[in-house]
Amino acid sequence: MSESAASSSASPQKSISYQSGFGNEFQSSSLPNSLPQHQNNPVRPPYKLYTEQISGTAFTKPRSSNLRTWVYRTRPSVSGTSNRFQKSSHVFGHESWSDLVVDPNPLRWNPIPDPVGPPRTFVEGMTLLLGNGDASLKEGIAIYLYAFDRDMTEGEGADEKAAFYNSDGDFLFVVQRRGLRIKTELGVLEVVPGEVCVVPRGIVFGVDMMEEEGCECARGYVLEIFRGHFELPELGPIGANGLANARDFLYPTASYDECTSTSPPVPYKIYNKFQHVLFQRQSPHSPFNVVSWHGSYAPYKYPLHHFNTMNSVSYDHPDPSIYTVLTAKSDDEGTALADFVIFPPRWMVMERSFRPPYFHRNCMTEFMGMIEGKYDAKEGFVPGGSSLHSCMTPHGPDRKTWEKNSTDEACEKPEYFDGGLAFMFETNLMLKVSPAALGAKWRDERYAECWDGLENRFDGSM
């Protein structure tokens, strides 16, 4: 258990610090002695705060997987809810899932264009690419792209400050261009390209952009799961260490918007995604008012360069599951609702072997994204781009990559691949495509031509 406390002044914490350890029981205080000791719900909490519990799993979930956090805040979340939620004029990604399209073809998209016209926030800058399931049944996933150029929580006027929470599931952010400052009710996470962040179901947050000279728009990917939560994959015969180490996951420390009982509250627009529909209401106060908290249900980030990569040191390309960072389980043991897999810089030393990923047909669905650089099995797969290879849809290296790597010389010497960072969302679901994705001008409609020219090379006399 770890604790982080600010100085003894009554101002909110300004510098950003983190707590480490995946799935730990954390505690954090932004004011001294503001966290109750030895009980959760005292009749008089310190500093006249309100006590509230956030449950991320059912009360009766086994202790090993039970997730909940106790927060101590200047106002409870229920305050101001007499201003009822109304359906928003904005759409979060895509609202009507009944018009998603079934398409078994291999699909690829170039980077989503930067916003044009009025500035967009994170909420307004989401585009649904793929999805399947039903959030109301807590079954399924969704995959989005985001592109936005306006902050949510740093606006000057009352109408410009906004926050969001997702009743439908957990978000996994893959930041591709321009860092994000994700302000949550439990503290702040700064997430830069090459890092990922998970915000669990129900946690209130706002997304702002970090300063970056010459870059006005943030861009990246989001995976949403409607059931369960992300976990570290089991290591099996790898042993006790390797892949994503628990100590490298970073959690926020308590930080709250400065306010007192005599200072005027700052109103916020609160968005809630509920069964795919976006609602909004006006709150008379900031939702970022947690002074102290303790528990195990919290957002976190992970720097991908800390991944301890495993690979073959003899022959053959291993299955990509060896690069799994996080997994969300399905009811079928050993089969994921969603895996988050990366293809990081690594040594490739396999002898007598085709070293790039092999030709493949998979009972799972594979969505690929590119964070930086190039992918070692494809030409034309650029940072910010993405591709979909659905259940049993053939895919694999393009013709040029196959020809280049199908010689004895290509696997004679060890090679360190440091030219890029790609990732994959793999799911047991058969995904449907949004009309916006299928009709996008930035879709690469000639993608499948990359396999043209793979001729019959069979020689029965050998």
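Structure: above.
Rules used in this analysis
- Residues numbered from 1 in each chain as written.
- Predicted model: local features only at pLDDT ≥ 70, side-chain atom pairs only at ≥ 80, totals over all residues.
- Heavy atoms only, no water.
- Helix = DSSP H or I, 4+ residues; strand = E, 2+ residues; numbered from the N terminus.
- Rg over C-alpha atoms; globule rule 2.2 N^0.38 Å.
- Buried < 20%, exposed > 50% of the residue type's maximum accessible area, 1.4 Å probe, protein only.
- Contact = heavy atoms within 4.5 Å.
- Phe/Tyr/Trp six-rings, centres within 6.5 Å; stacked < 30°, edge-to-face > 60°.
- Lys NZ or Arg CZ within 6 Å of the ring centre and 35° of its normal.
- Core = buried A, V, L, I, M, F, W, Y, C linked by side-chain atoms within 4.5 Å.
- Pairing = 2+ DSSP bridges.
- Axes fitted to C-alpha atoms, helices over the stretch in contact; angles between N-to-C directions.
- Salt bridge = Lys/Arg side-chain N within 4 Å of Asp/Glu carboxyl O.

I would appreciate a short explanation of the overall build of the chain in the present structure.
Counting secondary structure elements, the chain contains 2 helices and 29 strands. Its C-alpha radius of gyration of 23 Å places the chain within 12% of the 23 Å reference for a compact globule of 462 residues. Across its three principal axes, the chain shows a C-alpha extent of roughly 90 × 50 × 45 Å. Out of the 462 residues in the chain, the part that is buried amounts to 52%. In the chain, once contacts between residues fewer than 6 apart in sequence are set aside, the share between residues at least 24 apart is 77%.

Even after reading the chapter, I still don't get the environment of serine 88, so can you show me in this structure?
Mapped onto the elements of the fold, serine 88 is located in the loop between β6 (86-87) and β7 (107-109). Placed 190 residues apart in sequence, serine 88 and leucine 278 show a C-alpha to C-alpha distance of 5.6 Å. In this structure serine 88 touches Tyr271, Leu278, Phe279 and Gln280, once residues within four positions along its chain are discounted.

Can you help me understand the packing of aromatic side chains in this one?
Each aromatic ring pair is described using two quantities: the centre-to-centre distance and the angle formed by the ring planes. Per the counting criterion, the structure on display carries 39 aromatic pairs. Taking the centre distance of 5.4 Å and the plane angle of 70 degrees together, the rings of phenylalanine 164 and phenylalanine 205 count as edge-to-face. Here phenylalanine 205 lies in strand β15 (residues 205-209) and phenylalanine 164 lies in strand β10 (residues 162-166), a separation of 41 residues in the sequence. Taking the centre distance of 6.1 Å and the plane angle of 80 degrees together, the rings of phenylalanine 171 and phenylalanine 173 count as edge-to-face. Take phenylalanine 173: its relative accessible area is 0%, and that puts it in the buried class. An aromatic cluster is defined as three or more aromatic residues linked by ring pairs; in this entry it consists of Phe92, Phe122, Tyr144, Tyr146, Phe148, Phe164, Phe171, Phe173 and Phe205. A cation sits over an aromatic face here: arginine 281 above phenylalanine 85, 5.3 Å from the ring centre.

How should I be thinking about the nonpolar core in this particular structure?
Side chains of a nonpolar character, in soluble globular proteins, are inclined to be buried together. Formed by 88 residues in total, the largest nonpolar core has its most connected members in Trp109, Phe122, Leu172, Phe173, Leu326 and Phe340. Among residues more than four places away in sequence, those in contact with leucine 326 are Phe22, Leu172, Val198, Phe230, Glu231, Leu232, Pro233, Phe249, Tyr300, Ala338, Asp339 and Phe340. Counting 10 residues, the second largest nonpolar core, distinct from the first, contains Met368, Tyr375, Ala377 and Met424.

So what exactly am I meant to see when it comes to the sheet that holds strand β28 (residues 420-427) here?
For sheets, the rule is that strands pair by backbone hydrogen bonds, running either parallel or antiparallel. Ordered by their spatial adjacency, 6 strands build an open sheet running β7-β26-β25-β28-β23-β22, and the pairing between neighbours is antiparallel. Of all the strands in the sheet, the pair left with one neighbour each is β7 and β22 (324-329). Along the sheet, successive strands turn relative to each other by an average axial angle of 15 degrees, direction set aside.

I would appreciate a short explanation of the pattern of salt bridges in the present structure.
A side chain of one charge can pair with a side chain of the opposite charge if their charged atoms are brought near each other. Inspection of every chain in the model, using the stated rule, returns 19 salt bridges. In this structure, the salt-bridge partner of arginine 227 is glutamate 139, at a minimum N-O distance of 3.5 Å. Of this pair, arginine 227 sits in the loop between β16 (218-225) and β17 (250-252) while glutamate 139 sits in strand β9 (residues 139-148), and the two are 88 residues apart along the sequence. Residue classification places arginine 227 among the partly exposed residues on the basis of a relative accessible area of 22%. Across the pair arginine 352 and glutamate 351 runs a salt bridge whose closest N-O atoms are separated by 4.0 Å.

Whenever I open this one, the pairing of strand β11 (residues 170-177) confuses me. Can you help?
The side chains of a regular strand alternate between the sheet's two faces. Judged by how many residues are buried, β11 sits mostly within the fold: 7 of 8 residues are covered. Across 7 bridges, the pairing between β11 and β16 is antiparallel. By the bridge assignment, valine 175 is partnered in β16 with glycine 220. One ladder, built from 4 bridges, connects β11 with strand β14 (residues 195-199); its direction is antiparallel. From the neighbouring strand, phenylalanine 173 faces β14, where its bridge partner is cysteine 197.

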